[in-house]
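Chains, contacts and geometry: an overview
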Amino acid sequence: ISACLVGSEMCIRDRPCGVLNQRWFNTPQGQPLSLAGLRGHVVLVDFWTYTCINCIRTLPFLKGLYATYHRSGLEIVGVETPEFTFEQDAGNVQQAIQSDGIQYPVVQDNHYGTWNAYSNQYWPAEYLIDARGEVRHTQFGEGNYGESEDAVRSLLREAGVRALPAPSTGRAILPSADLGTPETYLDYQRSQGFAQPLQAGTHSYPGVSQPAANQFALRGTWTVNSDSATPVSSPGTIQAGFQAAHVYLVLTSAGGVPRQVQVLLDGHPIPAGRAGGDVHQGAVTVRGQRLYSLVSLPDDEQHALTVVVPPGVSAYDFTFG
């Protein structure tokens, strides 16, 4: 496959280009890159979005590749293609780039022009392009990190690099070995495993006395739309029976107003030693529009999680690790 980058838009030759990408980050004066300008370099195009836990787990590997091989001719371009509307906000993307310590160039792909041009379907997805502009290696989803680094080294040698550095020490974060609970969304289109199916609009949900393994439930009155659920008038409860070491939830707070979300494990306020990095004294303060870490256990365990959400806070997506 031949790939090109024209102006601020990445596309595949012989296919019509989509809508122009939005803002560039980590380039001089925010100027766009082009594959013509990068000819002679090996280029890794990484499709990601900043709330995706699968993407977050790959970042240490990608940052390690960049730190190890950039001087040898590797360029990485992160294509931030949003899953949720708030991920289109340039300020949110910039904050994520800074907090994640990403130094390679990143471009917003708000209208999926690049995503569609590559016929891509995954977060994360990597397309490795050789010095002549040909896509030579792909990786969809997590894993195969050794194979991906071997492909980088091979293409750098093909490009004429005589002395390669030692292999990267950057290691991806691996999901826990006995992870048993799949990702689920809190919308009426993609939600799975809910005791009472989520319905579009505003409805009252009874919850459950105790969630079964891999079961979810809402309690209270919630408005559910195409990408999130928000309690109405009074706090609502999300219940989850999970098997995992880590639990994450994408949350936003209307107007950026700080609001407290209570986190309980097996019916009790989660203790500090079992709480995720965003939980303090049993609660998460939701300000930014991002992924929040709720539970962090030493190993995969089965528990009942209760999340008490006030009006004004929207919940989007549970992921586990």
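Each remark here, short or long, concerns the structure printed above.
Residues numbered from 1 in each chain as written. Predicted model: local features only at pLDDT ≥ 70, side-chain atom pairs only at ≥ 80, totals over all residues. Heavy atoms only, no water.

Examining the environment of I53
Along the polypeptide, I53 turns up in helix α1 (residues 53-69). Judged by its relative accessible area of 5%, I53 is buried. With 195 residues separating them in the primary sequence, I53 and Y248 have C-alpha atoms 8.1 Å apart. Those residues within four positions of I53 in sequence are excluded, and the remaining contacts are Y248, L291 and T319. (Helix = DSSP H or I, 4+ residues; strand = E, 2+ residues; numbered from the N terminus. Buried < 20%, exposed > 50% of the residue type's maximum accessible area, 1.4 Å probe, protein only. Contact = heavy atoms within 4.5 Å.)

Looking at the pattern of salt bridges
Tallied over the entire structure, the rule returns eight salt bridges. In this structure, R132 engages D130 in a salt bridge whose closest nitrogen and oxygen atoms are separated by 3.2 Å. Residue D130 is classed as buried on the basis of its relative accessible area of 3%. In this structure, E158 and R136 form a salt bridge, with 2.9 Å as the shortest nitrogen-oxygen distance. Of this pair, E158 sits in helix α4 (residues 145-158) while R136 sits in strand β8 (residues 135-140), placing them 22 residues apart in sequence. (Salt bridge = Lys/Arg side-chain N within 4 Å of Asp/Glu carboxyl O.)

So, the nonpolar core
With 38 residues, the main nonpolar core has L65, L74 and Y104 as its most contacted residues. Elements with a minimum of two residues in this core: β4 (42-48), α1, β5 (74-80), α2 (90-100), α4 and β13 (236-253). In terms of residues, this core owes the most to one element, α1, which gives eight residues. Those residues within four positions of L65 in sequence are excluded, and the remaining contacts are L44, H70, L74, I76, E149, V152 and S168. (Core = buried A, V, L, I, M, F, W, Y, C linked by side-chain atoms within 4.5 Å.)

Section: the side chain of Q239
Of note, Q239 is situated in strand β13. Taking the relative accessible area as the measure of exposure, Q239 reaches 5% and is therefore buried. Beyond its immediate sequence surroundings of up to four residues, Q239 is in contact with G207, V208, P211, Q215, F216, A217, R219 and L305.

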